[in-house]
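Structure assessment
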Amino acid sequence: MDQARGDPVTVHFVGAGPGAADLITLRAAGLLAAADVVLYPGTYIDHAVLGHCRPGTHLVDTQKLDLDQITAAMVEAHVAGRDVVRMTSGDPSLYSALHEQARRLDAAGVPWDVTPGVPAYAAAAAIVGNELTVPLVAQSVVLTRTQARSTAMPERESLAAFAATGATLVLHLAITRTRELMGELDPLYGADCPVVVVHRATQPGEVVLRGTVGGTTAIADLVDEAGLRQAAVILVGPALAGTAAGESWLYSTGRQR
């Protein structure tokens, strides 16, 4: 990313947001409109977002490419003097493989930058109208994932350790293990703790499920009935209950201004 030499940026990592074409930033829309080459993860991004690209833009679906192939496409475009947008679902700061790709681009001498996007968990919370940090209930949000067919999790980052804090949990890449994970969370949050699952937030195939960690409205049963297998975020915690709680001191009538 070092621009000390004044090299123009060739590769722009751009957060595509949760899916809706109008939920990307103005900067992202401008970069897409100016790009010669756009690489995008077709599994997660609604094609309507690509409507921001101009006619003739070379579009590359990366869902079946490995990191070396993706990097090769970006380096090739750089050598040819073409501007590139590398789109990520949601925001590049979360589970986007930004670190791995940027490291390869640095080694190849290709300048790059990052444009943030609306993360999926924020879109999910907006869809159900919930604040994830409710005074006197939960003031922290933990963004995490679980390990299945994926990179190993650091030992210190166990789900139980995060759940022990009582924070609102946001589970990414975990929908196929919903039942197992709720079993881990039950002793810490309780069977009645609310859970929200949002599949393909803001996209045409959006699905919203509201349930609990366990009991008669167990979210795992609802996920099974809906047949969800990917592209979903799971929100867990008492802040999702929407019941009366404390109020923010920042806006309190008793606060001395």
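Procedures and definitions
Residues numbered from 1 in each chain as written. Predicted model: local features only at pLDDT ≥ 70, side-chain atom pairs only at ≥ 80, totals over all residues. Heavy atoms only, no water. Pairing = 2+ DSSP bridges. Helix = DSSP H or I, 4+ residues; strand = E, 2+ residues; numbered from the N terminus. Axes fitted to C-alpha atoms, helices over the stretch in contact; angles between N-to-C directions. Contact = heavy atoms within 4.5 Å. Expected span 1.5 Å × (residues − 1). Buried < 20%, exposed > 50% of the residue type's maximum accessible area, 1.4 Å probe, protein only. Arc of directions from axis to C-beta. Polar contact = N/O pair within 3.5 Å; in protein donor to acceptor, adjacent residues only side chain to side chain. Parallel < 35°, antiparallel > 145°, perpendicular 65-115°, else oblique. Nonpolar A, V, L, I, M, F, W, Y, C, P; charged D, E, K, R; others polar.

**Notes on the sheet that holds strand E5 (residues 112–115)**
- Strand order in the open sheet made by the five strands is E3-E2-E4-E1-E5, with parallel pairing throughout. Each end of this open sheet is capped by a strand with a single partner; those strands are strand E3 (58–61) and E5. Averaged over all neighbouring strand pairs, the angle between strand axes comes to 20 degrees, with direction disregarded.
- With five bridges joining them, strand E1 (residues 11–15) and strand E4 (residues 84–88) adopt parallel strand pairing. Bridge pairing links Gly 15 to Thr 88 in E4.
- The sheet contacts of helix H3 (residues 98–108) involve E1, E4 and E5, and relative to E1 the element is tilted by about 170 degrees.

**Considering the sheet that holds strand E6 (residues 141–145)**
- Here we have five strands laid out as an open sheet, ordered E6-E7-E10-E8-E9, and mixed in their pairing. Every interior strand has two partners, whereas the edge strands, E6 and strand E9 (207–212), have only one. Adjacent strand axes in the sheet meet at a mean angle of 20 degrees, parallel and antiparallel pairs treated alike.
- Direction of pairing for strand E7 (residues 168–172) relative to strand E10 (residues 232–236): antiparallel, over a ladder of three bridges. For Leu 171, the partnering residue across the bridge sits in E10 and is Ile 234.
- Packed on one face of the sheet, helix H7 (residues 219–226) meets strand E8 (194–199) and E9 and runs near 150 degrees to E9.

**Digging into helix H2 (residues 67–79)**
- Over its 13 residues, H2 extends 18 Å from the first C-alpha to the last, a length consistent with the 18 Å expected when each residue adds 1.5 Å.
- When H2 is considered as a whole, its buried residues turn out to be Ile 70, Thr 71, Met 74 and Ala 77. Seen along its axis, H2 keeps its buried residues to an arc of 125 degrees; they face one direction. Facing away from the buried side of H2, by more than 90 degrees, are the exposed residues Asp 68, Glu 76 and Val 79.
- The inward-facing, buried residues of H2 contact E1, strand E2 (37–40), E4 and H3.
- A distance of 3.1 Å separates the backbone nitrogen of Asp 68 from a side-chain oxygen at the start of H2, and that oxygen is part of Asp 66.

**Brief notes about the environment of His 199**
- With respect to the helices, strands and loops of the structure, His 199 is situated in strand E8.
- Counting along the chain gives 35 residues from His 199 to Ile 234, while the straight-line C-alpha distance between them is 8.9 Å.
- Leaving out residues up to four positions away in the same chain, His 199 has contacts with Gly 205, Glu 206, Val 207, Leu 228, Gln 230, Ala 231 and Ala 232.
- A distance of 2.9 Å separates a polar atom in the side chain of His 199 from the backbone oxygen of Gln 230.
- Engagement of the side chain of His 199 in a polar contact is seen with the backbone oxygen of Ala 231, the distance being 3.4 Å.

**Section: unusual backbone geometry**
- Within the chain, Tyr 95 stands out as a residue other than glycine whose phi angle is a positive 50 degrees.
- Position of Tyr 95 among the secondary structure elements: in the loop between E4 and H3.
- Accessibility expressed as a relative area gives 40% for Tyr 95, which makes it partly exposed.

**Things to note about the packing of helix H6 (residues 178–189) against H7**
- For the pair H6 and H7, the least separation of the axes is 9 Å and the interaxial angle reads 175 degrees. By the angle class used here, H6 and H7 are roughly antiparallel. When H6 is examined against H7, the residues Thr 178, Arg 179 and Met 182 are found in contact with a partner set consisting of Ile 219, Ala 220, Asp 221, Val 223 and Asp 224.
- Looking at the contact of H6 with H7, its residues break down into four nonpolar, one polar and three charged.

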